[in-house]
Amino acid sequence: MLAASGLGIIRGERPVFTDLDLTVGLGEAVVLRGPNGAGKSTLLRLFAGLLAPSIGRVTWDGAAIADDREAHGRRLRYAGHGDALKFALTARQNLAFWARFEGTPVGAVDGALDRFGLGALADLPAGILSAGQKRRLGLARLALAPRALWLLDEPTVSLDAASIEILGGLIWDHRAAGGMVVLATHDGLDLPGARVFTLEPAA
Amino acid sequence: MLAASGLGIIRGERPVFTDLDLTVGLGEAVVLRGPNGAGKSTLLRLFAGLLAPSIGRVTWDGAAIADDREAHGRRLRYAGHGDALKFALTARQNLAFWARFEGTPVGAVDGALDRFGLGALADLPAGILSAGQKRRLGLARLALAPRALWLLDEPTVSLDAASIEILGGLIWDHRAAGGMVVLATHDGLDLPGARVFTLEPAA
Amino acid sequence: MNAFLAVLRRDLRLAFAQGGSVGLVVGFFVIAATLFPLASGPERAELARVAPAVIWIGALLATLLSLDRMFQADLEDGSLDLLLAGGAPSSLVVLAKCLAHWLSTGLPLVIVSPLLSLLLGLDGAGTIMLGKTLLLGTPTLSLIGAVGAGLTVGVRRAGILIAVLVLPLYVPVLIFGAGAVDLAMLGLDTGPSLALLGAVLLVSLPVGTLGAAAALRLAAL
Amino acid sequence: MNAFLAVLRRDLRLAFAQGGSVGLVVGFFVIAATLFPLASGPERAELARVAPAVIWIGALLATLLSLDRMFQADLEDGSLDLLLAGGAPSSLVVLAKCLAHWLSTGLPLVIVSPLLSLLLGLDGAGTIMLGKTLLLGTPTLSLIGAVGAGLTVGVRRAGILIAVLVLPLYVPVLIFGAGAVDLAMLGLDTGPSLALLGAVLLVSLPVGTLGAAAALRLAAL
Amino acid sequence: MMLTRLANPTRFMRLADRLLPWLAAATVLAFAAGLVWGLGFAPPDYQQGDTVRIMFVHVPAAWLAMFGYSFMAVASFVALVWKHPLADVAAKAAAPLGAGFCLIALITGSLWGEPMWGTWWVWDARLTSMLVLFFLYVGYIALWSAIDEPERAARAAAILALVGAVNVPIVKFSVDWWSTLHQPASVIRMDGPTIDASILWPLAINALAFQLYFVTVLLWRMKAELIGRRIRALTLGIAAREA
Amino acid sequence: MDDLAQFLAMGGYAAYVWPAFGTTFLVVIGLAVASWRRLKSAEARLALLEHSRPARRARPRTAA
Ligand code: HEM
Ligand SMILES: Nc1ncnc2c1ncn2[C@@H]1O[C@H](COP(=O)(O)OP(=O)(O)OP(=O)(O)O)[C@@H](O)[C@H]1O
Ligand SMILES: Nc1ncnc2c1ncn2[C@@H]1O[C@H](COP(=O)(O)OP(=O)(O)OP(=O)(O)O)[C@@H](O)[C@H]1O
Ligand SMILES: [Mg+2]
Ligand SMILES: [Mg+2]
């Protein structure tokens, strides 16, 4: 169970948010909403352990995630604004790298590509894919192997309707297996039974 | 009047689309739709003169745009997937650069920033803005000075509802003054009286 | 002209404003020239003999180090599209970027060259000639470099292209530049070398701007 | 270990498949060594005297040229976040990236060094010692460089800041490396120099990986 | 956590305020004594003539240049490992001082070299490694100014200081490792000093003056930095309340 | 008088000794003055801030 208590963070000399409390339980999905600059991406990075809070703490089953960053890293998947692709490698090579990196058998790669309709593009260099195709390739990491916590920053950007549906299905399966999702979005993505958490801009 | 006739393009050894005809008249808005990889971004780059068609041609009032690229450049505004920002410069400096570049008086900059609600952020380095704030700063170029043709590639990405409304208003004003808009999007942005042009993937 | 001044101003601001990047170019140059005597031992006479070559190669490398980002950064953030499709002549944009590049790398090198002469034990005549040749030669480095940078922007085999295209084109500049300093130290006539350097600069002015502009338009395709 | 091999494999593939950095490094190295005699005049005896310094400085600068993209590219496309927050020890990731960097810059230099010796007129003993010192010294350059690259990742105008941070730290390697070649050519004992080079490598192995990993974790903040 | 973070610097400030007047006075006295003795009363060297007086600034400056970097390295270590809130402040404050002393040692050494060795500069190991030390200081200061956020900058600079610390022993022992023009250590060595007392005393007093100066100005700079950080915290607090 | 001249001549090495002491004191005094001024201006700003804190002045938060 992921919990934030009394969380506050200062970035670039200004507080982004203060005194934030949020708990995410098994199988739960939390959708972060709020105007631009409210701190959605910041919160996701805090949850991923990529930022350290100025005050308060983030815990997993009661233990601060900062105590064991590596263990926390192994239980989460983070998909940020960047797609983490190397344009010179093919779609398959890109995904295979992440599979190897996390120790998932490379056999899972083709299934993940197919799941996002990228099978036909697998041997093209990632650099020539269209914006939405790149996004899908980035998201295909989610389908590699199960991990408890997904942190998705505007995952639907540039996706067409069919792909959004695929992503919705993937999230559904993930939650059905007890996974948690925290995602930031401005629209799209209709997640049944998701809790909406609205961030207000600090200033 | 912008017109494409018999347009076809091959990118990376594959045809993206062939035999495309499209005309955009004064005050008209065309929304490009289609699944990922259908060629929306490609078409916008063709219209901007950033890509050359493999076959067919793009004309403005009957003259091929390739004949006078610079004149064509002076009548259009292109906003692509990138926001064209220098992270080390402040928001105001970024916009002032583009104003100077196109010969618009720098006095127009503050108005354009305010229009997108960036007045309070004007003196922050662009690098620390949130994704949506960066997008707004990129779009603020539209409000610098009138130009006949706007080519917008997924302009609503990362924008919050309020900003989408601002953009809608801006487009409305632009069209009311006889301007043309071609934009690609997967959702959002409700443009009254816009024509939808759907691209099908070639393969 | 608007576009020219705007680009020049922006690039200079990017180079100068933040954390004294020009100071860093100078620092790099000084350190690189310092390493040489360190590695070769302290005999002064011998040092002064190879000093022109060392300083000139240092100038080459300092230019090269900052060259690869000349257009690449604009490509990555999407500015390049707007610079090319914004209605301004692309050769004008390129010229502005070259000038900014030279003002923020070449010129500082010219200015610190007397210090380097001192460090490496050049005599008075050599020092003056070194300054002159750098002043005439470094703009050429920026202009020719721009062609290389333009050709390689967004291209896959970027590294090889830069090495293979740009460095050989730098050879004449290097030979005449370092050569003139040698001649000056021997008290010989340096007129022809300087004239040649000037000629190379004059040739590379149109070749560099037009070439780089054409290369960039290709890259945008 | 998975993570280590995966990163190593990917970075090598990027360096080689693309034809990029390896070609650049070797090309640059050979051309720079060729330019030097051109710029300084052809006296062979004198050349051989400064040759170790020239080749070693070439190695330094070639390393530097490729350093600034070591982590910056990963930062820009978002991979760095995943590499650091992916559950693998970050020092392991750094070690893999250092090894890949060395295999694609240092090792090629070691391999072409006999050619350079020939170009610059080194004798047999000098050539062999040059190869040995490069083999012992270049991994240190990659490791120390990683710290500089890590510290400056995400910082504006990182390239030249790296140079200023890292070059002073390269000095011991340069002194021992070029010095040993000089000693070998004079027929003197090179044991202590080589031992020192080895010691520096052993020290920089933990210092480099841990330092760079700590620096990167900062950058992600 | 907030409490311990504040408590320590506050106590430090009070202590510093109590010490500083005495330190400043002692610095001025020691400088005056060292100067008068060094310039006026110490005998000229039988070999080096009056140039030997340059030693009274050159040598203490060289010592302090090395001391300054060692101090920075230790402080950085403390900052990284124990996260002591004063440590990175101390390291940051020491850098310009060390760089200044390094510059003094380089310039006075150069001025001494011309009459003694017949050259302003040689590329020997001692001189070169001193120059490298100066570059390290410059790099350290440049890194501080290149990163905007103080927490990030502090940790990055600490890492650099620790990695760069390897150069200090090289400066110190370079004269023993390579045969050079420069004097080997004659004061600080295993078997006791080998300099005549008539020179040793003024040298010691000058060294004391430099050391006192270092501590005094360091405390000023640390105070300024701490106050700067408190200002930042206060402005942030105000910003938060306005929200 | 002579003593002074002799003292200033530094045994013929005046051109080296005096610049050495001169630069030393330039750097020493310069650093001290700069540090002192920084401290004083920081103290003044802090005093101003603590003084004006209850007043809730609208202050430009983005001031460079
Ligand atoms: C730019 C030139 C010079 C530099 C960078 C330099 C640097 C140094 C350094 C770093 C030390 C401290 C050594 C230690 O504590 O182990 C030192 C000490 C000393 N230097 Fe220099 N030096 C320079 C020129 C000279 C010259 C020209 C002379 C005199 C001919 C000289 C005489 C001395 C003496 C006597 C000491 C004291 C050694 C001891 O007793 O430990 N230096 N110098
Ligand atoms: N630089 C390129 N080189 C080769 N092929 C390319 C290049 N850019 C795009 N393509 C190919 O052209 C096709 C159309 O791409 P385009 O970016 O126009 O799609 P799009 O309609 O904008 O899609 P999206 O909704 O994902 O943005 C894609 O299949 C893509 O693989
Ligand atoms: N690296 C940074 N340094 C300083 N301030 C930052 C940095 N990144 C973000 N900020 C600031 O933090 C605030 C929150 O940013 P964040 O990216 O979390 O917003 P967001 O809710 O994700 O917005 P968006 O919907 O636009 O993506 C913004 O006001 C931004 O200016
Ligand atoms: Mg965001
Ligand atoms: Mg697109």
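We now examine the site of ligand 2. Taken together, the neighbourhood of ligand 2 is formed by 19 residues, with S130 and G132 of chain A together with K40, S41 and T42 of chain B sitting nearest. Residues within reach of ligand 2 are spread across chains A and B. Between G37 of chain B and ligand 2, the recorded distance is 2.9 Å, taken from a backbone N or O atom to an oxygen atom. Coverage of ligand 2 by the protein chains reaches 86% of its 640 Å² of free accessible surface. At the level of secondary structure, the elements contributing two or more residues to the shell around ligand 2 comprise α5 (131-139) of chain A together with α1 (40-47) of chain B.

Residues and elements named next belong to chain A. Split into domains, chain A comes out as domain 1 (1-75 + 147-203) and domain 2 (84-146). For domain 1 and domain 2, the distance between their C-alpha centres works out to 23 Å. In this complex, domain 1 contributes 16 residues to the contact, which on the side of domain 2 involves 12 residues. When the two sides are added together, the surface that domain 1 and domain 2 hide from each other amounts to roughly 1,200 Å², 63% of it contributed by carbon and sulfur. Contact with domain 2 buries surface across domain 1, with R147, I166 and L170 losing the most and accounting together for 43% of the total. The interface formed by domain 1 and domain 2 includes two salt bridges. The interface formed by domain 1 and domain 2 holds five residue pairs in polar contact (both at pLDDT 80 or more) in total. Elements with a contribution of two residues or more to the side of domain 1 that touches domain 2: β7 (149-153) and α6 (161-176). A per-element tally of the side of domain 1 that touches domain 2 places α6 first, with six residues.

Here the focus is helix α4 (residues 108-115) of chain B. All names here are of chain B. What α4 keeps buried is the set V109, A112 and L113. All buried residues of α4 lie within an arc of 100 degrees about the axis, which places them on one face of the element. Considering only its buried residues, α4 is in contact with α3 (91-102) and α5 (131-139). Immediately downstream of α4, the backbone of G117 shows phi near 65 degrees, a positive value.

Pairing analysis gives five bridges linking strand β1 (residues 2-11) of chain A to strand β4 (residues 55-60) of chain A, with the strands arranged antiparallel. Looking across to β4 of chain A, one finds that G8 of chain A is bridged to I55 of chain A.

Our focus in this paragraph is the packing of aromatic side chains. With the rule as written, the count across this model stands at 18 aromatic pairs over all chains. Note on F97 of chain A and F101 of chain A: the rings are 5.9 Å apart at their centroids and 40 degrees apart in plane angle, and the pair reads as tilted. Linking F97 of chain A with F101 of chain A, this pair stays in helix α3 (residues 91-102), spanning four residues, or about one helical turn. Neither residue differs from the other here; F97 of chain A and F101 of chain A are each classed as buried. Ring centres of F101 of chain E and Y213 of chain E lie 5.9 Å apart, and the angle between their planes is 80 degrees; this geometry places the pair in the edge-to-face category. Taken as a pair, F101 of chain E in helix α3 (residues 87-117) and Y213 of chain E in helix α7 (residues 197-242) lie far apart in primary sequence, 112 residues in all. Since its relative accessible area comes to 6%, Y213 of chain E is described here as buried. One aromatic cluster is present, built from ring pairs that chain together F31, F67, F71, F101, F210, Y213 and F214 of chain E together with F25 of chain F.

What counts, and where the lines are drawn
- Residues numbered from 1 in each chain as written.
- Chains lettered and ligands numbered in written order.
- Predicted model: local features only at pLDDT ≥ 70, side-chain atom pairs only at ≥ 80, totals over all residues.
- Heavy atoms only, no water.
- Near = heavy atom within 4 Å.
- Polar contact = N/O pair within 3.5 Å; in protein donor to acceptor, adjacent residues only side chain to side chain.
- Areas by Shrake-Rupley, 256 points an atom, 1.4 Å probe, with all protein chains shown as cover.
- Helix = DSSP H or I, 4+ residues; strand = E, 2+ residues; numbered from the N terminus.
- Domains from an automatic or database assignment.
- Contact = heavy atoms within 4.5 Å.
- Buried area = accessible area lost by both parts, 1.4 Å probe.
- Salt bridge = Lys/Arg side-chain N within 4 Å of Asp/Glu carboxyl O.
- Buried < 20%, exposed > 50% of the residue type's maximum accessible area, 1.4 Å probe, protein only.
- Arc of directions from axis to C-beta.
- Pairing = 2+ DSSP bridges.
- Phe/Tyr/Trp six-rings, centres within 6.5 Å; stacked < 30°, edge-to-face > 60°.

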